[in-house]
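Secondary and tertiary structure notes
If you want the building blocks of each chain, they are given just below.
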Amino acid sequence: MELVRGLNEKGQFKTLPDGVKLYTLFNNKVPQADFDVTDLRKLGAAMRDLQASNVSAMAGYTYLGQFLAHDLSRLRIEGHNKTVKSFTTDILRSDVSSVLDLSSVYDGAIAGSLMRKTGSAFMALGDAQVSDGPDIVGYDLPRNGLRACIGDDRNDENLIVSQLHVQFLKLHNFFVREISHDSPELGTELLFEAAREQVILHYQEVILHDFLYEILHPAVWKAIILENKHILWDPDPSEPAVLPVEYSAAAGRFGHAMVQNNYNLNAVTSVSVSELFEMTGEGRFGGKYQRMPATHLVDWRLFFDFPKHNTRGLPTRNKALRISPRVRVDLINTQSLPVPEESNLATRNLLRGLQMRLSSGQATVNHLLNNYQARLLELEIPICLLNRDQLNLNKPGFSQHVLDSCSPALSTHTPLWYYVLAEACVETFEGIGKLGPLGSLIVAESIRGLLQLDRDSIMYKTRRQDIAPSKNIANLPGRKFLQMSDLLLAANNSISDPTSFIIRQ
Amino acid sequence: MSVNDFWMDIQNSEWHSVGGSTVRNKQFNPFSDDDWRAGLVRDNEPYYPPSGVHIKIKSQEETRGEYSVDHHGKPEQVPATKLRTFTLEISGDDFLGKEALSAARFLVVGDHAISSPLTLSSTKSVVVLVRLYTASDGKQVMVNELIWSVQYDKTPGSTKTFYDIQKWFCCRYP
């Protein structure tokens with residue numbers, strides 16, 4: 001049996017039949033589930049055709065979640081081929097680092113590289129293309145031809161995550177200016193490292209107090225994130241940082257349900273999902289442009305909350321679809337996937353869960369109730385088994401029989417990923433849907449644990465105070481939390497519709 | 001239903017959505033799943049209120065006085081009238097059309113009301129027509145017809161537009 005490099009036998013690892021070892025939050029005490037592949041394929045197809053369950057958080061969080069996923073799943077393989085798009089079990093044999101260290105932004109950003117501005121601590125930026133006027137400077141990723149010069153190619157796979165990556169480059173440059181003002185004696189590389197550290201700390205805090213607040217069940221967020229308590233995972237920082245498989249193959253995949261059909265990018269352009277993938281370097285900008293067209297630049301006021309900004313007169317702001325079992329995403333490039341012919345993302349996720357030998361949702365809940373009930377009660381986390389109607393999305397007057405129509409066995413023995421998505425449909429909080437208690441617990445413990453494993457994380461270090469937090473949270477009056485819009489404001493000095501910068505000749 | 005009935009009934013009630021809409025029921029949609037127009041209809045689904053949405057009517061009545069206009073060289077008197085308008089105060093579960101519907105002003109015209117045009121994006125706008133019906137079980141239902149205009153060809157200068165009308169329903173609350 002081949003051991004995972006850098007890991008030891010003491011941790012909570014599970015071993016797949018082909019010798020691949022995965023980290024599990026449940027210490028191999030929950031029985032692995034087995035499913036009929038035909039049933040899973042039926043379910044994946046049914047999930048694609050479900051009706052959308054309305055909206056939840058602002059749509060920017062869908063893509064901040066994708067940005068986080070790329071950061072967490074950065075492959076650190078010697079001679080890593082950047083064209084590898086997804087995990088196969090072979091790749092998992094290699095050391096996968098899951099620290100929230102923005103490796104997707106900083107990997108390869110050495111002095112002299114195309115990712116850096118020549119001779120300085122600034123990150124390089126590209127220009128947005130205007131068809132009949134001068135380019136808009138600093139609004140695209142740096143590119144060599146079409147290809148983005150960034151730490152992770154996946155952050156140029158769709159327009160919104162690509163533009164979000166630009167914002168983190170700008171945030172780095174903001175901190176270079178701030179720190180060099182305070183410490184003019186710092187040399188270029190020390191200044192670069194100091195700015196990098198601040199970007200990472202601010203990003204981690206936004207993930208904890210903004211992103212996770214919008215996604216998690218309030219009781220779980222309060223206990224695990226705000227009060228830094230734990231139930232399942234209390235890792236020692238000497239352990240390697242590895243993402244638990246319950247997160248990577250199930251609960252962490254909630255963002256696939258949040259993808260909207262259309263987005264208003266700014267005052268003049270709205271796009272469908274397929275256009276999001278075309279208008280990137282990887283999509284060759286639809287065959288029409290050489291770099292990001294200025295007409296498609298993102299007005300972030302349409303994607304995140306800016307509490308002090310008036311949004312009257314703007315197009316409808318973009319909300320994410322509510323987290324639910326409705327997942328309608330087709331993958332374009334499926335050649336490198338574990339099941340090459342499968343392009344339906346829902347089916348692919350269900351098969352991935354089987355491949356990773358995940359437990360069923362019911363087995364996972366029963367394990368928690370049998371072993372941690374007192375702790376769950378103490379933290380007021382209301383985990384309980386979903387009933388058949390909840391799992392089948394049956395409501396008075398509107399029954400969908402999602403699982404029963406595929407195989408009645410799935411209602412008593414439900415794939416963990418589907419279970420977590422169905423659990424998100426049970427309640428709303430302040431009018432929006434969030435993950436339920438089980439899904440929230442897996443996500444929260446995974447992220448909290450990863451930050452505890454990293455001696456350089458926000459759990460051990462404090463950030464600079466240049467950026468004032470602005471997020472209000474219900475039931476926590478008098479406190480403000482850092483949110484994504486605070487970082488965007490700092491990175492841009494002010495926020496406006498970027499298409500207003502287009503000067504026509 | 002008389003004019004007064006509509007005005008009285010709509011403002012004297014609170015309404016709640018049960019999530020019902022023609023866009024969520026395939027039998028009402030004339031396009032097959034593989035028809036590109038079905039995709040345009042389906043894309044608009046998140047704009048419709050789900051169950052768990054409550055609506056209060058905030059009404060306003062203004063008296064406009066009598067005035068005179070020139071009609072082919074002769075003065076003509078336009079009689080005084082009352083302009084009846086309302087806006088929607090929407091609470092409960094969130095949905096994509098909430099901001100736009102909350103901003104809309106509805107003008108009562110006889111036994112129905114029509115909204116100001118709601119511009120949702122550079123290619124998509126909608127007008128809402130509100131009527132009240134009494135169902136066979138005697139319960140009153142608010143029927144909102146959304147009249148969509150979607151520019152589907154994004155070639156600069158193109159005006160190719162798809163029109164669609166879909167309904168969503170609210171019941172008197174409680």
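For clarity, every value in this text was computed on a predicted model and none was experimentally measured. (Residues numbered from 1 in each chain as written. Chains lettered and ligands numbered in written order. Predicted model: local features only at pLDDT ≥ 70, side-chain atom pairs only at ≥ 80, totals over all residues. Heavy atoms only, no water.)

So, on to the overall build of chain B. Looking only at helices and strands, one finds 3 helices and 11 strands in chain B. Each of the three principal axes of chain B carries a C-alpha extent, and together these read 60 × 50 × 30 Å. Taking all 174 residues of chain B together, 43% fall into the buried category. Look at the contacts in chain B between residues 6 or more apart in sequence, and 53% of them connect residues 24 or more apart. Total accessible area on chain B stands at roughly 9300 Å², and carbon and sulfur atoms take up 52% of it. Charge-centre separation for chain B: the mean point of 19 positive side chains lies 1 Å from the mean point of 22 negative side chains. (Helix = DSSP H or I, 4+ residues; strand = E, 2+ residues; numbered from the N terminus. Buried < 20%, exposed > 50% of the residue type's maximum accessible area, 1.4 Å probe, protein only. Contact = heavy atoms within 4.5 Å. Areas by Shrake-Rupley, 256 points an atom, 1.4 Å probe, with all protein chains shown as cover. Lys, Arg positive; Asp, Glu negative; His and termini not counted. Charge placed at Lys NZ, Arg CZ, Asp CG, Glu CD.)

The next subject is the nonpolar core. Grouped together as the largest cluster of nonpolar side chains are 157 residues, with contacts concentrated most on Phe168(A) and Ile447(A). At 15 residues, the largest contribution of residues to this core is made by helix α6 (residues 188-215) of chain A. Among residues more than four places away in sequence, those in contact with Phe168(A) are Leu64(A), Phe67(A), Leu102(A), Val105(A), Val199(A), Tyr203(A) and Met484(A). If you look at the next biggest cluster of nonpolar residues, it comprises 39 residues, including Phe6(B), Trp15(B), Phe31(B) and Leu120(B). (Core = buried A, V, L, I, M, F, W, Y, C linked by side-chain atoms within 4.5 Å.)

Glancing now at a nonpolar patch on the surface. Residue and element names in this part refer to chain B. On the surface, a nonpolar cluster with roughly 270 Å² of combined accessible area is contributed by Leu83, Leu107, Val109 and Ile114. Looking at the secondary structure, you find isoleucine 114 in strand β7 (residues 112-115). A residue is classified by how much of its surface remains accessible, and isoleucine 114, at 33% relative accessible area, is partly exposed. (Patch = residues over 30% accessible without salt bridge, like charges linked within 9 Å, V, L, I, M, F, W, Y side chains within 5 Å. Salt bridge = Lys/Arg side-chain N within 4 Å of Asp/Glu carboxyl O.)

Below, the discussion takes up the packing of aromatic side chains. Residue and element names in this part refer to chain B. Applying the stated rule across the entire model yields 20 aromatic pairs over all chains. Here the aromatic rings of phenylalanine 31 and phenylalanine 162 are separated by 5.9 Å at their centres, their planes lie at 55°, and the arrangement is tilted. On the criterion of sequence distance, the pair formed by phenylalanine 31 in the loop between β1 (14-21) and α2 (36-43) and phenylalanine 162 in strand β11 (residues 161-173) is long-range, its members being 131 residues apart. Here phenylalanine 31 matches phenylalanine 162 in class, with each residue buried. (Phe/Tyr/Trp six-rings, centres within 6.5 Å; stacked < 30°, edge-to-face > 60°.)

Residue and element names in this part refer to chain B. Bridge count for β7 against strand β9 (residues 124-134) is 2 bridges, and the pairing is antiparallel. Paired with isoleucine 114 across the strands is leucine 129, a residue of β9. As paired elements, β9 and strand β10 (residues 140-151) share 11 bridges and run antiparallel to each other. The residue bridging valine 128 from the neighbouring strand is leucine 146, located in β10. (Pairing = 2+ DSSP bridges.)

Another point: the side chain of Asp497(A). Residue and element names in this part refer to chain A. With respect to the helices and strands, aspartate 497 occurs in the segment after α15 (484-492). An unpaired buried charge is present at aspartate 497: no salt bridge exists, and arginine 301, the closest side chain of opposite charge, is 5.2 Å distant. A polar contact is formed between the side chain of aspartate 497 and the backbone nitrogen of alanine 267, at a distance of 3.0 Å. Here threonine 499 takes part through its side chain, which lies 2.7 Å from a polar atom of the side chain of aspartate 497. Among all residues touching aspartate 497, those that are not within four sequence positions of it are Asn266, Ala267, Asp299 and Arg301. (Polar contact = N/O pair within 3.5 Å; in protein donor to acceptor, adjacent residues only side chain to side chain.)

Here the focus is the confidence of the model for chain A. When pLDDT is low, close inspection of the predicted coordinates is not appropriate. Residue and element names in this part refer to chain A. The pLDDT averaged across chain A works out to 88; a share of 88% of its residues lies at or above 70. Note on residues 1-11: pLDDT is under 50 here. Beyond four places in sequence and across chains, it has 24 contacts. Ignoring residues within four places in sequence, the model shows residues 75-96, a span with pLDDT below 50, making 55 contacts including any to other chains. (pLDDT = per-residue confidence, 0-100.)

Quick look at the pattern of salt bridges now. Residue and element names in this part refer to chain A. In the structure shown here, the tally under the stated rule is 28 salt bridges over all chains. The salt bridge partner of aspartate 210 is lysine 471, with a shortest N-O separation of 2.8 Å. With aspartate 210 in helix α6 and lysine 471 in the loop between α14 (437-453) and α15, this residue pair connects regions lying 261 residues apart in the sequence. The same class applies to aspartate 210 and to lysine 471, which are both buried. Here glutamate 378 ties to arginine 375 by a salt bridge, and the two come within 3.1 Å at their closest N and O atoms. Taken together, the residues span about one helical turn, with glutamate 378 and arginine 375 both in helix α11 (residues 361-378) at a distance of 3 residues.

Time to look at unusual backbone geometry. The general pattern is negative phi for most residues beyond glycine and trans for most peptide bonds. All names here are of chain A. Notably, asparagine 228 is not glycine yet its phi reads approximately 55°, a positive angle. On the secondary structure map, asparagine 228 appears in the loop between α7 (218-226) and α8 (245-248). Look at asparagine 228 and you get partly exposed, because its relative accessible area is 38%. Positive phi, normally seen in glycine, also occurs at arginine 357, with a value near 55°. Tracing the sequence through the fold places arginine 357 in the loop between α10 (345-355) and α11. On the basis of relative accessibility, which here comes to 28%, the residue arginine 357 falls in the partly exposed class.

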